[in-house]
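Working through the structure, step by step
Residue strings, one per chain:
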Amino acid sequence: MEEGGGGGGKGRVSNLISRFEENRKEGSPLKQPVRTPKSSPVHKSGQKQPEPTDQPPDSSTVSPDHADAHSANGVLAQMERDSRPSTEDQPLLNGDLREQSVDGDLDLSHGVHEPAERVNEARREETENEASREDTSMEHKETNEQKLYKIANELLQTEKAYVARLNLLDQVFCAKLMEEAGKGIFPVDVVKNIFSNISSINAFHSQFLLPDLEKRMGEWESTPRIGDILQKLTPFLKMYAEYVRNFDKAMELLKQWTDRSPQFKATIQEIQKQEVCGSLSLQHHMLEPVQRVPRYEMLLKDYLKKLPQDHVDRRDAEKSLEIIATAATHSNTAIRKSENLKKLLEIYEMLGEEEDIVNASNEFIKEGHILKLAARNTSAMDRYLFLFNNMLLYCVPKFSLVGQKFTVRTRIGIDGMKVAETYNEDYPHTFQVSGKERTLELQASTQQDKEDWIKAFQETIEIFHQKNETFKTASKEVEEVSISELGKRAPRWIRDNEVTMCMKCREPFNALTRRRHHCRACGYVVCWKCSDNKASLEYDGNKMNKVCRDCYSILTGHSESEEKEGKKKGILEIEAAQFSGSSIMCGFLQYCEKNKPWQKVWCVIPEKEALVLYLYGAPQDVKAQSTIPLLGYSVDDAARPADPPASFRLSQSKSVHSFAAESEELKQRWLRVIRLAVTGEVPECPPHAEIHVTEGSQENSSDSL
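Residues numbered from 1 in each chain as written. Predicted model: local features only at pLDDT ≥ 70, side-chain atom pairs only at ≥ 80, totals over all residues. Heavy atoms only, no water.

With that settled, the discussion passes to the overall build of the chain. In terms of regular secondary structure, the chain is built from 20 helices and 18 strands. The 705 residues of the chain split such that 42% are buried. The contacts of the chain with a sequence gap of at least 6 include a subset with a gap of at least 24, amounting to 58%. As displayed, the chain has an accessible area near 38,500 Å², and 49% of this comes from carbon and sulfur atoms. (Helix = DSSP H or I, 4+ residues; strand = E, 2+ residues; numbered from the N terminus. Buried < 20%, exposed > 50% of the residue type's maximum accessible area, 1.4 Å probe, protein only. Contact = heavy atoms within 4.5 Å. Areas by Shrake-Rupley, 256 points an atom, 1.4 Å probe, with all protein chains shown as cover.)

So this is what it looks like as C-alpha cells:
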C-alpha cells in the first residue's frame, strides 16, 4: 500500500526533512515554505467570507482565493481537523513544537508516520475536486445572470442614445424648419409632412419609457426584469406604423424641397454642420425611428435566450416579443426601401447629379464594370452599367478622384428589353442587351460574371412584365367601351388600387407629385400629365370633361401632340438622344444669357435642322430648354475679361447668347459650323461625327458609343 499510493507523500516528507537538516546544520531557523498562489481550504477556513449580494459578481474580477473559498465548508474543515496529528505524539524540535505552515502541512521531522500523511493528501485532493465542480456550476449560473443584466443595461444605454436622436429631429431640425416656414419662405405643411409624428414618438420615449428603464436598472438587484416595461411599449407601436408609412413620402418631400428652395436647403445644411449631428445627414437621422423597433426585437430575443424557463419575467417578455416582432416586419420593409434610397443618392452623386433617378419607384439591382464591343471593328471599351428595376444606365467612366465619376451615355428601358448570349472567337464571355433605345454587345470579365449579369437581366425583365400584367387585365375590362361608343356611354372606372403606374405613360404614381386621375371617357387611371385635356362627352350632356390623350385624339379628331407642336414650333419636344445620334455637332458648353449665371448645357446642331442650335439640360433629356435659330446672328469670339476662356457670343438685335468651350480647339470647331449656319449655308459634318465636350469622358467617334 505504501508503494502503490504513498509515493507522493513520501517524497514530500523527505524533502521537508532534508531542508530541516540543512537549516539545523547552518544554525538558522527552519525556513517557511513558499506560499503558493492557491491556498489550502484549511488555511482559508479561518478567513472572513464576503457578504452575499443579490447582484452576481463579474467573473473577471473573482480572485483565485475567493473562488476557492466555497470549498472551506464544514465537512472539509472537519476532515482536516481529523487528519492533524496530536501534539502529544509529535516530537519537539529544538525544544518547541513547530507551528503549522501556511500550506496547511506540519513541519515534520523524524518519527512522522508517512501513511497518515498520504491519507490526508488523498482526502484533500478528493475534496478539492468536489469543490471545483461546485465552483464551475456556480460560475455558470452567475455568468448567465450577468448576461441578463448586460442585455438590460444595453437596452438602457441604446435608449438614451435614441432619445438624444429623437430630440435632435424634433427640437432642432423640425423646430428650426417650422420657424423658417412661419416666415413664409416655404409651406408649413411641408415640414409637418416630412417629420410626421416625430414629436409624439419623442414625448413617449423621453417622458415614459426611458425614465422607467432608468428606474428599473437602479433597482435591478431586487427586480431583475424588463419584460413588463417593454410590454408598456406595445400600445404605442401604432405611432411607429404611422411614421413608417409616411417615410417614403417624407424622403421624397425632403429631396423635392431641397432642390426647390435654397433657404430650405441652407437651413438643413447649417444644422448638419453642428457637432451634435456627427457629420450625418438629416435623412440618416430620420432613419433611426424606423430602425429602433427591430432593435427592440433583437434585444428581446437575446434576453429570452438567457432567461430561464421558470423565470418570473418570461411570460411578459414573450408577449412583448410577439407584438414587437410583428411591428418590426413593417419597419424592416421600410429599412430596405431606405437603404435602396441611400444607394440611389450615391449613384445620383456619382453621375454628377444630372440624372433624375432618386425616386421611390426606382429599385437598384446591380452595377459593375464591363467592356463594350464596338460595332465596326470589335474593339473593346471600358464601360459601367447601373441596372434598375425599370431601366439600364449605360455609362462612361470618368477619371476623377472627386465629384462626378460616370457620364450616362444611354438610358435603356426594361420594357421591351431582351438579353442573349453571343459567341465571339476573339472576345470570350460576351452577351447582348437589346432594347427599344439601343442594342449593346458586352463582354464580361469572367464566365461567372457573364452568367451573373444575364441572370440579373432576365430576372429584372421577368418581374417587370409580371407587374405590368395589371395593365393587360385592366385593358381587357375597359374594352367593353368601343371606339364607336366612346363618350356616348359612361365607362367602368379602373380602381385606384388595381394599378401602380399611369396606364398611358407608365410612370409610377406617388402621393405628391404624380397622383391618380381618371379619364372620363375610357375609365383609365392616368397621371395629371396624361389627363391634361378636356373634351365634351355626350353621356354627360356634352359637358367638358377630363380625358386622356388617346381619347382626346379620338373625340376631337386631332392629337394633343399636334397642338403642342403647333404651339412650340415642333422643336422642343424632340429628345436630345434622337438628335445626338444624327447631329452635325453636339456636346457640352457653358451658356449664359444676358446677366444670368453660367450653366452647363448640352448643345446640338442636328443634321435635319442644320440652322438651329438646341440647348438641353443633359444628353438624355426628352425636351429642349430652348432653341436658337442661327440664321442672321452675328458671331463674336473676341476675348473679354469678364467671360471664361474659350468663349464666344451670338448676338441679334438686343438678344445676346454667350458660350464657352472646354478648350480653344473645341471652340474653333464649334465656330466653323456656326459661322456657316448664320449665313444660311448648311454645314457639313466634321470628320468626327460627334464632339462630346465632357471633360474627356466622352469619345469623338460614333463607335465609342
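Backbone geometry at Asn-542 places phi at a positive 60°, although glycine is not the residue there. By the element assignment, Asn-542 lies in the loop between β10 (533-537) and β11 (543-547). You will see that Ala-646, though not glycine, has its phi angle at about 55°, which is positive. We classify Ala-646 as buried; its relative accessible area is 12%.

Attention now moves to the pairing of strand β14 (residues 612-616). Among the 5 residues in β14, 5 count as buried, and that is most of the element. With burial as the criterion, each face of β14 is covered, one bearing Val-612, Tyr-614 and Tyr-616 and the other bearing Leu-613 and Leu-615. Inspection of the sheet shows strand β13 (residues 599-606) paired to β14 by 3 bridges, in the antiparallel sense. From the neighbouring strand, Val-604 faces β14, where its bridge partner is Tyr-614. Across 4 bridges, the pairing between β14 and strand β15 (residues 626-629) is antiparallel. Within β15, the residue paired with Val-612 across the bridge is Pro-629. (Pairing = 2+ DSSP bridges.)

Spatial ordering of the open sheet is given by β4-β3-β2-β1-β7-β6-β5, a layout of 7 strands whose pairing is antiparallel. Sheet topology places β4 (406-413) and β5 (418-421) at the edges, where each strand pairs with a single neighbour. Along the sheet, successive strands turn relative to each other by an average axial angle of 35°, direction set aside. Two strands pair when backbone bridges link them, and strand β6 (residues 430-434) and strand β7 (residues 439-443) are joined in this way by 5 bridges, in the antiparallel orientation. Paired with Ser-434 across the bridge in β7 is Thr-439. (Axes fitted to C-alpha atoms, helices over the stretch in contact; angles between N-to-C directions.)

Let us look at the packing of helix α7 (residues 188-195) against helix α10 (residues 237-260). At a minimum axis distance of 7 Å, the contact between α7 and α10 shows a crossing angle of 135°. On the basis of their axis angle, the class for α7 and α10 is oblique. Of α10, the residues touching α7 (which contributes Val-190, Asn-193, Ile-194 and Phe-195) are Tyr-243, Asn-246, Lys-249, Ala-250, Leu-253, Leu-254 and Trp-257. Its residues placed into classes, the contact of α7 with α10 shows 8 nonpolar, 2 polar and 1 charged. (Parallel < 35°, antiparallel > 145°, perpendicular 65-115°, else oblique. Nonpolar A, V, L, I, M, F, W, Y, C, P; charged D, E, K, R; others polar.)

Turning our attention to the confidence of the model for the chain. Caution is warranted with low-pLDDT regions, since their predicted coordinates should not be read in detail. Confidence in the prediction for the chain averages 75 pLDDT; 68% of positions are at 70 or higher. No element of the chain has a lower mean pLDDT than helix α3 (residues 41-44), which averages 37, and none a higher one than helix α8 (residues 198-218), which averages 93. The model gives residues 27-114 a pLDDT under 50, and that stretch makes 90 contacts with residues more than four places away or in other chains. Counting contacts from residues 688-705, a segment whose pLDDT is below 50, to residues more than four positions away or on other chains yields 61 contacts. (pLDDT = per-residue confidence, 0-100.)

This part takes up the sheet that holds β14. In a beta sheet, neighbouring strands pair by backbone hydrogen bonds and run either parallel or antiparallel. Spatially, the 7 strands line up as an open sheet ordered β15-β14-β13-β12-β18-β17-β16, and their pairing is antiparallel. In this open sheet, the two strands that pair with only one neighbour each are β15 and β16 (634-636). Averaged over all neighbouring strand pairs, the angle between strand axes comes to 35°, with direction disregarded.

Right, let's get into the pairing of β11. Where β10 meets β11, 5 bridges bridge the pair, whose relative direction is antiparallel. The residue of β11 that forms the bridge with Ala-535 is Asn-545. Linking two consecutive strands that pair antiparallel, namely β10 and β11, is a turn of 5 residues; a positive phi of about 70° is found at Gly-541 within it.

Within the fold, Arg-295 resides in helix α13 (residues 288-306). Distance from Arg-295 to Thr-158, taken between C-alpha atoms, is 9.3 Å for residues 137 residues apart in sequence. Apart from residues lying up to four places away in sequence, Arg-295 is in contact with Glu-154 and Thr-158.

As a further point, take the nonpolar core. Phe-173, Phe-195, Met-286, Leu-351, Ile-357, Phe-386 and Leu-393 are the most contacted members of the largest nonpolar core, which has 78 residues in total. With 14 residues, helix α6 (residues 114-181) is the single largest residue contributor to this core. Structurally, this core is a two-domain feature, drawing no fewer than three residues from each of domain 1 (144-351) and domain 2 (364-471). For Leu-351, the residues in contact, after removing those within four places along its chain, are Ile-357, Phe-386, Leu-393, Cys-395, Gln-404, Phe-406 and Val-408. With 24 residues, the next largest nonpolar core counts Val-601, Ala-610, Leu-630 and Leu-671 among its residues. (Core = buried A, V, L, I, M, F, W, Y, C linked by side-chain atoms within 4.5 Å. Domains from an automatic or database assignment.)

Quick look at the packing of aromatic side chains now. Using the criterion set out here, one finds 15 aromatic pairs in the structure. Judged by centre distance (6.0 Å) and plane angle (65°), the ring pair of Tyr-149 and Trp-220 falls under edge-to-face. Residue Tyr-149 is found in helix α6, and its partner Trp-220 is found in the loop between α8 and α9 (227-233); the two are separated by 71 residues along the sequence. Note on Tyr-149: relative accessible area 22%, which makes it partly exposed. Measuring from centroid to centroid gives 5.0 Å for Tyr-384 and Phe-386, while their planes differ by 55°, and the two rings are tilted. Taken individually, Tyr-384 and Phe-386 each receive the classification buried, so the pair is uniform in this respect. Joined through ring pairs, the aromatic side chains of Phe-204, Phe-208 and Phe-236 make up one cluster. (Phe/Tyr/Trp six-rings, centres within 6.5 Å; stacked < 30°, edge-to-face > 60°.)

What follows covers the side chain of Glu-297. Its location among the elements puts Glu-297 in helix α13. Overall, Glu-297 belongs to the buried group, its relative accessible area being 12%. Once residues within four sequence positions are removed from consideration, Glu-297 is found in contact with Leu-321, Ile-324, Ala-325 and Ala-328.

This next bit is on the environment of His-657. Residue position: His-657 is located in strand β18 (residues 655-660). Excluding residues that lie within four positions of it along the chain, His-657 makes contacts with Tyr-591, Cys-592, Glu-593, Ile-628, Tyr-633, Phe-648, Arg-649 and Leu-650. At a separation of 3.1 Å, a polar atom in the side chain of His-657 contacts the side chain of Ser-655. (Polar contact = N/O pair within 3.5 Å; in protein donor to acceptor, adjacent residues only side chain to side chain.)

With that settled, the discussion passes to the packing of α8 against α10. Working note: a packed helix pair is described by the angle between its axes plus the distance between those axes. Axis separation between α8 and α10 bottoms out at 10 Å; the angle between their running directions is 150°. In terms of axis orientation, α8 runs roughly antiparallel to α10. Judged by the twist between their axes, the crossing of α8 over α10 is left-handed. In this structure, α8 uses Ile-198, Ser-200, Ile-201, Phe-204 and His-205 to contact α10, whose residues at the interface are Met-239, Tyr-240 and Tyr-243. Residue classes in the contact of α8 with α10 are distributed as 6 nonpolar, 2 polar and no charged. (Left-handed = near helix turned anticlockwise from the far one by under 90°.)

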